[in-house]
Number of protein chains: 2
Amino acid sequence: MKKIFKNIFTKKDSRSPEDGIFFDALKAILGFDPVSLEPYRRAFTHRSSNKHDDKGNPVNYERLEFLGDAMLSSVIAAHLFNEVPSGDEGYLTKMRSKIVSREHLNELGRDLNLIGFIDSKIAPVHFGENVHGNIFEALVGAIYLDQGYPYCEIFIQKRVIEPYVDIPRLEGKVISYKSLLIEWCQKEKLAFHYDVFEDNGIDGQRLYGVRLSIGGKVVSKARATSKKKAEEKASQRAYFAFQEKINKK
Amino acid sequence: MKKIFKNIFTKKDSRSPEDGIFFDALKAILGFDPVSLEPYRRAFTHRSSNKHDDKGNPVNYERLEFLGDAMLSSVIAAHLFNEVPSGDEGYLTKMRSKIVSREHLNELGRDLNLIGFIDSKIAPVHFGENVHGNIFEALVGAIYLDQGYPYCEIFIQKRVIEPYVDIPRLEGKVISYKSLLIEWCQKEKLAFHYDVFEDNGIDGQRLYGVRLSIGGKVVSKARATSKKKAEEKASQRAYFAFQEKINKK
């Protein structure tokens, strides 16, 4: 009798409250509804949790990193191929390695606060910096298992390409968006102001939130591990937002 | 007037005889109908042909190699991930690099005789060994441009995974299929015979064709750059064919 009740309550369409919270949080990160929660749970399971499947294989995010890394590389390859028709093989290879660099993946994972979902026996403070990028890769792998390649493309477009893949910057042609933005404000005679709206440390990792106002209106926000980085990121976002407006005119 | 005629005759649905030949040959290699011939033409265009698009960008297969390599890596990654649930990240990475090794890609390209389609100002004898693998990668890139990721999966399944991705062999557990096959024939009391049906050199590259008969019937054929390699390949094909039959019983 107990077993029947258990089966009813673990059915997909009658999610437990815990699953419901995970589903909603995932949906916000992914931008679409996950179908099966299982691959995503695995993407957040650290090896220290010591979980195994019924054949004795370890269940954690390490194999998913391999899968996600492959999907990320091919989606970025196709994007660069289409975006930069003048770039040769060497150029495309170099640009891709900048985009999928360890440092960049860590930034992507940290920005989405993926570590907040981790299932582990170790406190997050002991993980080291690369955990952010590793879970990010594993999450891409989970998307592939759950929904296939086209959804990896959608997710990578939204979470990697749109906010971060900035070809002039990667080529080293733009050194600082803050200086580009200030120059533009001065030319347009607009007042600008950066202010720190957040300054906190979670598990020893300090995070700064910076807000940029132009002409008295908040135009962008960004979080990063230093005030300077957060200002640069907020400037980049504002710069692209304005560029779009300028191009639309 | 001349121009109108030219437009009519270059329309997709009224292919020139030359396009028709290329279309049929491609279809045989791909296993499906190409939609646009343009990416495939590029996949067979060597830099020595010195072609450019209307913006002055070089048109040859080098950028397509980058794209095809990325698609190949991700399709093989997904296959290994699903096939070997017990393999960790290090194992999966090692297995994939064996499958997409330069040597293996050259073998794949050579077997399909892709070099026969090449558009070049240089004689094939001057290309070097890697041209076979390079055009193979470029062909995968062309499939992606023409038909998208799912068709890359279909092609790689048919042309790489089914005939060549042999996990026990890659793991080094099987050293020789020839010896496995001979052992099996002796156990089953079946006569076997290898004979060379082809021995020729095109542009200095010697190719051997070997035919394997078991119980008086030809069961497999293979071509390779040495007699020994061709025998091993023919043995592997026969071994898998028999394994399937044994499993079906």
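Under an unreviewed UniProt entry, the name given to chain A is Ribonuclease 3, and the organism recorded is Flavobacterium agri. Under the Catalytic activity (unreviewed entry) heading, UniProt states for chain A: "Endonucleolytic cleavage to 5'-phosphomonoester." According to UniProt, the comment filed for chain A under the heading Subcellular location (unreviewed entry) is "Cytoplasm".

Q: How do you make sense of the overall build of chain A when you look at a structure like this?
A: Scanning chain A for helices and strands turns up 11 helices and 3 strands. Tracing chain A from N to C terminus, the helices and strands come up as α-α-α-α-α-α-α-α-α-α-β-β-β-α. Relative to its full complement of 249 residues, chain A shows a buried share of 45%. A sequence separation of at least 24 residues applies to 53% of the contacts in chain A between residues at least 6 apart. Accessible area of chain A: about 13600 Å², with a carbon and sulfur share of 52%.

Q: Can you walk me through the packing of helix H6 (residues 102–111) of chain A against helix H7 (residues 131–147) of chain A in this structure?
A: Each pair of packed helices can be summarised by the angle the axes make with each other and by the distance between the axes. Residue and element names in this part refer to chain A. Close contact between H6 and H7 brings their axes to 7 Å; oriented N to C, the two are set at 80°. Comparing their axes, H7 and H6 come out roughly perpendicular. Contacts from Arg102, Leu105, Asn106, Leu108, Gly109 and Arg110 of H6 reach H7 at Val131, His132, Gly133, Asn134, Phe136 and Glu137. Looking at side-chain class alone, the contact of H6 with H7 contains 4 nonpolar, 5 polar and 3 charged residues.

Q: Help me understand the interface of chain B and chain A, please; the structure alone is not making it clear to me.
A: As a measure of interface size, the accessible area lost when the parts come together is often cited. Taken residue by residue, the interface counts 31 residues in chain B and 31 residues in chain A. At the boundary of chain B with chain A, total buried surface from both sides reaches about 2500 Å², with 63% on carbon and sulfur atoms. Three residues stand out in chain B for area buried against chain A, namely Arg63, Phe66 and Phe81 of chain B, and they jointly supply 34% of the buried area on that side. Scanning the region where chain B abuts chain A turns up 8 residue pairs in polar contact (both at pLDDT 80 or more). Only helix H4 (62–83), helix H5 (89–99), helix H7 (131–147) and helix H8 (149–164) of chain B provide two or more residues apiece to the side of chain B that touches chain A. With 16 residues, H4 of chain B is the single largest residue contributor to the side of chain B that touches chain A. Split into classes, the residues belonging to the side of chain B that touches chain A amount to 15 nonpolar, 7 polar and 9 charged.

Criteria and cut-off values
- Residues numbered from 1 in each chain as written.
- Chains lettered and ligands numbered in written order.
- Predicted model: local features only at pLDDT ≥ 70, side-chain atom pairs only at ≥ 80, totals over all residues.
- Heavy atoms only, no water.
- UniProt positions renumbered as here; feature names shortened; annotations may be inferred.
- Helix = DSSP H or I, 4+ residues; strand = E, 2+ residues; numbered from the N terminus.
- Buried < 20%, exposed > 50% of the residue type's maximum accessible area, 1.4 Å probe, protein only.
- Contact = heavy atoms within 4.5 Å.
- Areas by Shrake-Rupley, 256 points an atom, 1.4 Å probe, with all protein chains shown as cover.
- Axes fitted to C-alpha atoms, helices over the stretch in contact; angles between N-to-C directions.
- Parallel < 35°, antiparallel > 145°, perpendicular 65-115°, else oblique.
- Nonpolar A, V, L, I, M, F, W, Y, C, P; charged D, E, K, R; others polar.
- Buried area = accessible area lost by both parts, 1.4 Å probe.
- Polar contact = N/O pair within 3.5 Å; in protein donor to acceptor, adjacent residues only side chain to side chain.

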